[in-house]
Amino acid sequence: QVQLVESGGGLVQAGGSLRLSCAASGRTLSDYYRAWFRQAPGREREFVAVINLSGSRTYYTDSVKGRFTISRDNAKSTVYLEMNNLELEDTAIYYCAAAPPGARFPALQPSEYHYWGQGTQVAVSS
């Protein structure tokens, strides 16, 4: 009954910036943790960033700290990922996800998230 749709992916040169969006439909997810994961070819799905219900707390994987910013707009049921100073290693399909009320923070494992988008491709070139 909940659909998550990512957008904003594309091809960008190393050092560039990109902003991803993930909109929810069907019902509001303002009471859910919202997160971004990514998966590169041949790699496991990897946690990137998470934001709590109010947006007052965030957590990032070490490799993106200082470069990526997660934010949310609960009125639009949308979460964003601002990616700056992109690196070749950031190339992946990026997925948004939502964890239900009662989940721990930060929730870092894919199994902790109940809803997933279909992904949006981010390709970083040199």
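Below you will find a few notes about this structure.

## Topic: the pairing of strand β11 (residues 120-125)
Inference 1: Where burial is concerned, the two faces of β11 differ: the one with Thr120, Val122 and Val124 is buried and the one with Gln121, Ala123 and Ser125 is not.
Inference 2: In this sheet, β11 lies alongside strand β2 (residues 10-13) in parallel orientation, the contact comprising four bridges. Note on β11: the bridge partner recorded for glycine 10 is valine 122.
Inference 3: Judged from the three bridges that link them, strand β9 (residues 92-99) and β11 form a sheet pairing that is antiparallel. By the bridge assignment, isoleucine 93 is partnered in β11 with glutamine 121.

## Comments concerning the environment of leucine 108
Inference 1: Along the chain, the position of leucine 108 falls in the loop between β9 and β10 (115-116).
Inference 2: In this structure, the C-alpha to C-alpha distance between leucine 108 and threonine 61, residues 47 residues apart in sequence, is 9.1 Å.
Inference 3: Apart from residues lying up to four places away in sequence, leucine 108 is in contact with Phe37, Phe47 and Tyr59.

## Some remarks on the environment of glutamate 6
Inference 1: Along the chain, glutamate 6 turns up in strand β1 (residues 3-7).
Inference 2: With 111 residues separating them in the primary sequence, glutamate 6 and glycine 117 have C-alpha atoms 6.2 Å apart.
Inference 3: If sequence neighbours within four positions are ignored, glutamate 6 has contacts with Ser21, Cys22, Trp36, Tyr94, Tyr95, Cys96, Gly117, Gln118, Gly119 and Thr120.
Inference 4: From its side chain, glutamate 6 meets the backbone nitrogen of glutamine 118 in a polar contact 3.0 Å long.
Inference 5: Among the polar contacts made by the side chain of glutamate 6, one reaches the main-chain amide nitrogen of glycine 119 at a distance of 2.8 Å.

Reading guide: rules and limits
- Residues numbered from 1 in each chain as written.
- Predicted model: local features only at pLDDT ≥ 70, side-chain atom pairs only at ≥ 80, totals over all residues.
- Heavy atoms only, no water.
- Buried < 20%, exposed > 50% of the residue type's maximum accessible area, 1.4 Å probe, protein only.
- Helix = DSSP H or I, 4+ residues; strand = E, 2+ residues; numbered from the N terminus.
- Pairing = 2+ DSSP bridges.
- Contact = heavy atoms within 4.5 Å.
- Polar contact = N/O pair within 3.5 Å; in protein donor to acceptor, adjacent residues only side chain to side chain.

On their own, these measurements won't tell you what the molecule is for.
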